[in-house]
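Here is what each chain is made of, one letter per residue.
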Amino acid sequence: MKIATYNVNGINGRLPVLLRWLDESQPDVVCLQELKAPDEKFPLSAVEAAGYGAIWQGQKSWNGVAILARGAEPVETRRGLPGDPDDVQSRYLEAAVGGILVAGFYLPNGNPRPGPKFDYKLAWMERLIAHAATLFDTDAPVVLAGDYNVMPTEMDVYKPERWIKDALFAPEVRAAFFRLIDQGLAGCAAGKASRRNDLHVLGLFQERVWSQCRAKARSSSPERPAAARLADAKVDHHVRGWEKTSDHAPVWIKLKAARRKRSAT
């Protein structure tokens, strides 16, 4: 199974790019961020014509997330991150696809720092950490795929001294990110490629290399976690060179099929 995450930065304005990439890459599951369109403006007919079922949570002008599944309908399991009933920002979706629980999200940017946007970012991360803990206690493999809006280490950004005051590089944000990781996640690809962040693509499972894509690692059984099934991972940097493209590049992983348990004889 090929699972991708892609910040499209406006799904309708970038629709030709998205459709071109879907046709080229053929991912089985796609988590999209920054739809920047209300629910009724989601281009469902075009997505379905490309061979994908979809669920989405839109928002006019800002935010918005979606999960696409090739040749299938994602089975929605949650809409919105729990923990704050007054939060109206469209940033979190969850669905079951092909035996895997996929959480797709767009973590708040948090700038300027300090300020209410930064406080919201930190609170959102606390809610994500709390909810992720409940996901890791399920029997299903879990993939957390999205735009984390975090620069975890100096290795993950070009000229880190330029980002000292940025919310994405704040010590509190980095600490919260690693608390999420420490609950039972493994890095599976090397990063978000955007105009702002030139992340070093250093390889899989190297220490201190993180990504937009996370796979559940903690388990008493080697068969269950998504990380144990990882076969490949890549950032599609070339998509950044297409006309009218997003300022982000797609990131994807491939998971091997789960091995069937041997029947007792």
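Residues numbered from 1 in each chain as written. Predicted model: local features only at pLDDT ≥ 70, side-chain atom pairs only at ≥ 80, totals over all residues. Heavy atoms only, no water.

### Brief notes about the side chain of glutamine 57
To be explicit about the condition: Think of it this way: any DSSP run of H or I at least four residues long counts as a helix, any run of E at least two long counts as a strand, and we number them from the N terminus. Exposure categories follow from relative accessible area, calculated using a 1.4 Å probe and restricted to protein chains: below 20% of the type maximum is buried, above 50% is exposed, and the middle band is partly exposed. The term polar contact refers here to a pair of N or O atoms within 3.5 Å; inside protein, the definition further demands a hydrogen-donor-capable atom paired with an acceptor-capable atom, and it admits residues adjacent in sequence only when both atoms are side-chain atoms. It only takes one pair of heavy atoms within 4.5 Å for two residues to be counted as in contact.
Within the secondary structure, glutamine 57 is located in strand β3 (residues 52-57). Using a relative accessible area of 14% as the deciding quantity, one classes glutamine 57 as buried. Polar contacts involving the side chain of glutamine 57 include one to the main-chain amide nitrogen of arginine 91, which spans 3.5 Å. Ignoring sequence-local partners within four residues, the contact set of glutamine 57 consists of Leu35, Asp39, Gly64, Val65, Arg79, Gly80, Ser90, Arg91, Tyr92 and Leu93.

### A look at the sheet that holds strand β12 (residues 251-255)
Threshold: For two strands to be treated as a pair, DSSP must find at least two bridges joining them. To define axes, lines are fitted to C-alpha atoms, for helices over the stretch in contact only, and angles between the resulting N-to-C directions are given on a 0 to 180 degree scale.
Read across the open sheet, the six strands follow the order β3-β4-β2-β1-β12-β11; overall the sheet is mixed. The open sheet is flanked by β3 and β11 (230-235), the only strands paired with a single partner. The mean angle between the axes of side-by-side strands here comes to 15 degrees, regardless of whether they run parallel or antiparallel. As paired elements, β11 and β12 share five bridges and run antiparallel to each other. Bridge assignment links leucine 230 to a residue of β12, and that residue is leucine 255. Strands in contact with helix α1 (residues 15-25) are β1 (2-7), β2 (29-33), β3, β4 (65-70) and β12; relative to β1, the strand with the most contacts, it is inclined by about 160 degrees.

### Focus: the nonpolar core
Looking at soluble globular proteins, one finds that nonpolar side chains tend to be buried together. Note the threshold: Definition of nonpolar core: a set of buried residues of the types Ala, Val, Leu, Ile, Met, Phe, Trp, Tyr and Cys, connected through side-chain atoms within 4.5 Å.
Within the largest apolar cluster, 26 residues are counted, with the highest numbers of intra-cluster contacts made by Tyr92, Trp124, Leu128 and Leu144. Of all the secondary-structure elements, those providing two or more residues to this core are β7 (100-106), α3 (116-136), β8 (142-147) and α4 (171-182). Among the nonpolar cores identified, the runner-up in size contains 23 residues, and Tyr6, Tyr52, Ala54 and Ala66 belong to it.

So, to be careful, I would describe these as geometric facts and stop short of saying anything about function.
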